[in-house]
Structure formats: structure tokens, C-alpha cells
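Structure assessment
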Amino acid sequence: MLVAGVGCGSLKPSDPQTESQDALEQQVQASARKREAGRLKAERDAAAKPPVAPQQSTGSGALFTESDRADFAQLAARLPGSEGIAVALVGKGAPVSQVGDLTSGVAWSTAKVPVAMAAISAGVGSQSDLVSAITASDNAAAERLWSALGAGAAASSAATAQLRSSGDAQTVIQPRRLRAGFTPFGQTDWSLANQVRVAGSMACSAAGKQVLQLMADVVSGQRWGLGGIGNSPQFKGGWGPGVSPGQGDGWLERQMGRVTLGGHPVAIAIATTAPDHSSGMSALGQLAKWAETHVHSSSGAGGQGC
């Protein structure tokens, strides 16, 4: 029986109940001290561990070695912003490997890829608008495709469905115009890893195949970055004043697509938060060239095909 209010005048020191209570309290205090010591040790151990680099790889079959990661860190230190690369062998469910601390951001014109796929799948929009939206990144043409899909929630649902069928289970195409003067779909938050999943699975649908063909014909004035590496690159770029959806927080330059490296087709996405478009083009060029010589396509795990 526990005795409440132990203190001056409560019970005599020689009372057996007092001795039992004292022993119990000592055990409780000792247990509490032990737990506290364990907690402090865990905190010290955690503080002593080196920080884990964000999003380095997911799953097995990583396409970058630790040496590659160290080399990338040196490249990133020379570039003016934050950078990121995600890559996987083509096919559904292929493991994604990443380097860099930039893992996501506003899609900008890369969002024209699922919009174009949705228009093809629905049988709406003109072929000339499809060509202009993908090969020349024509905003007006892409807006007409968006309107043909019903705009707003209807167009968002159609484009998002293309992402789901292409392995991206998370991204939702932005339905509303968050910033005046910019497309609604371009303000979608789209991670590099999910872009790679989509690029790696696009050949599994008729709409995806057609858009990939257009991505092989990007106009010469936009063929920086991924456009300068591998064999017959298929890619789409996006750039603009903002890293986060609806915000003008800096500049984001990014590309997604498919290239053949080391004799194997790979899906790849690269991005940088360079100060401006000119710096962004230069940084993407360096990121793409780095990927060309550091992606170990022959050692990675492939996807499940279509």
C-alpha cells in the first residue's frame, strides 16, 4: 500500500510501511535516472553521427557510387545555386538514384509533358499545338491544349491521370492560376524522382510514345543540358522566376527526359536554382555532362518493362 503525504509528522521512521515506501521510491528514482541517462546517451550518439545527404538513392540498384557522390559535391560547390540529379533505368518501378540537395520544385514547362499526353489520350487539341508546346515550349499552344481538356479541375484531372499511369503516384497537376502571367499547370510541385518515374514509363502508352517522339525534336535554341549528351536525347525543359509553386523565390532551371548512356537508355531529371536563365543553362550543361560520365547504367537495376 502506497502512503501519500510522507513527510514531517506523517509516520514514525521505524514504521514498516515507511521503510517499504522508502524502498519503492528509491527504485522509482533509480529507474528514472537510468532512463534519463539512456536518453542523454542517445542524444549524444545522434549528434556525433555525420548528417545524411538528402535523397541520395531509393531502393536497390543505385547508379551512383560513393566516389561519384563526393565528386558531385565538388561540382555543386562550384555552381552558384542548389543542384539535383535523379536517374533510373527505363521501365516501370525501376529504382531511382539521386545526388544533390535539390530534390523538387515548381515544374514550369516540364508540366507540358503530361498536359500533352492528356490531350493526345483524349483526342483533343491540334497537332500543331502539340508540336509547338513540346518542341518549342510554346506557352500559348500549351494553354490551348489545357483549354481543350476543359481547363481547371477537368484538365488537371486528365493530366494527373497520365502521371498515375506513368508511375507517379504523388504529383497533382495544379488546376488554378497561382501567378498572373504564368500557366496554372506550370506551377505544379514536381519532384525530380517522380519526373524520372514518368520519363522511364512514357513508352508504355501510345500518348507517352508520341510525346517522347516530340521530345526528340526540341528546337535548336533550347538544346542545352540534356540536349547535348547521350544518343538521340528526348527531353523537355522548364525555367522561370520561382522555385516554389506560386512564389517568385529565386530562379529554377530544370529538364527531364531519356538519354542513352553507356549503351543503356536511362530516365533522368536535372535541376538548379541558378540566379538567372543564362546561369541556369550553363549549370544544366555542367550537370548533364557530369551525369554522362558518372551514371553507371550497366550496374543498375531495371524496371519491370510495360
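Scroll up to find the structure.
The sections below set out a description of the structure shown in this document.

This next bit is on the sheet that holds strand 2 (residues 97–100). Reading across from one edge, 2-1-5-4-3 is the order of the five strands in this open sheet, with antiparallel pairing throughout. What marks the edges here is a single partner per strand, and that holds for strand 2 and strand 3 (231–240). Ignoring strand direction, the axes of neighbouring strands in this sheet form an average angle of 15°. Examined bridge by bridge, strand 1 (residues 83–89) and strand 5 (residues 264–272) share seven bridges and lie antiparallel to one another.

Take the packing of helix 3 (residues 112–122) against helix 6 (residues 152–165) next. In the contact formed by helix 3 and helix 6, the axes pass within 8 Å of each other and the chain directions differ by 100°. Relative to helix 6, the element helix 3 lies roughly perpendicular. In this structure, helix 3 contributes P114, V115, M117, A118 and S121 to the contact, and helix 6 contributes A158, A159, Q162 and L163. Each residue belonging to the contact of helix 3 with helix 6 can be placed in one class, and the counts come to seven nonpolar, two polar and no charged.

Moving on, we come to the pairing of strand 4 (residues 252–261). In terms of residue burial, strand 4 counts as a mostly covered element, since nine of its 10 residues are buried. Note: strand 3 against strand 4, eight bridges, orientation antiparallel. Residue pairing in the sheet places W239 in a bridge with E253 of strand 4. Both strand 4 and strand 5 contribute to a ladder of nine bridges, which runs antiparallel. Paired with T260 across the strands is P265, a residue of strand 5. The hairpin formed by strand 4 and strand 5 contains two residues between the paired strands, and G262 there has a positive phi angle of roughly 60°.

Conventions used here
- Residues numbered from 1 in each chain as written.
- Predicted model: local features only at pLDDT ≥ 70, side-chain atom pairs only at ≥ 80, totals over all residues.
- Heavy atoms only, no water.
- Pairing = 2+ DSSP bridges.
- Helix = DSSP H or I, 4+ residues; strand = E, 2+ residues; numbered from the N terminus.
- Axes fitted to C-alpha atoms, helices over the stretch in contact; angles between N-to-C directions.
- Parallel < 35°, antiparallel > 145°, perpendicular 65-115°, else oblique.
- Contact = heavy atoms within 4.5 Å.
- Nonpolar A, V, L, I, M, F, W, Y, C, P; charged D, E, K, R; others polar.
- Buried < 20%, exposed > 50% of the residue type's maximum accessible area, 1.4 Å probe, protein only.

Limitation: the analysis is restricted to geometry and does not speak to function.
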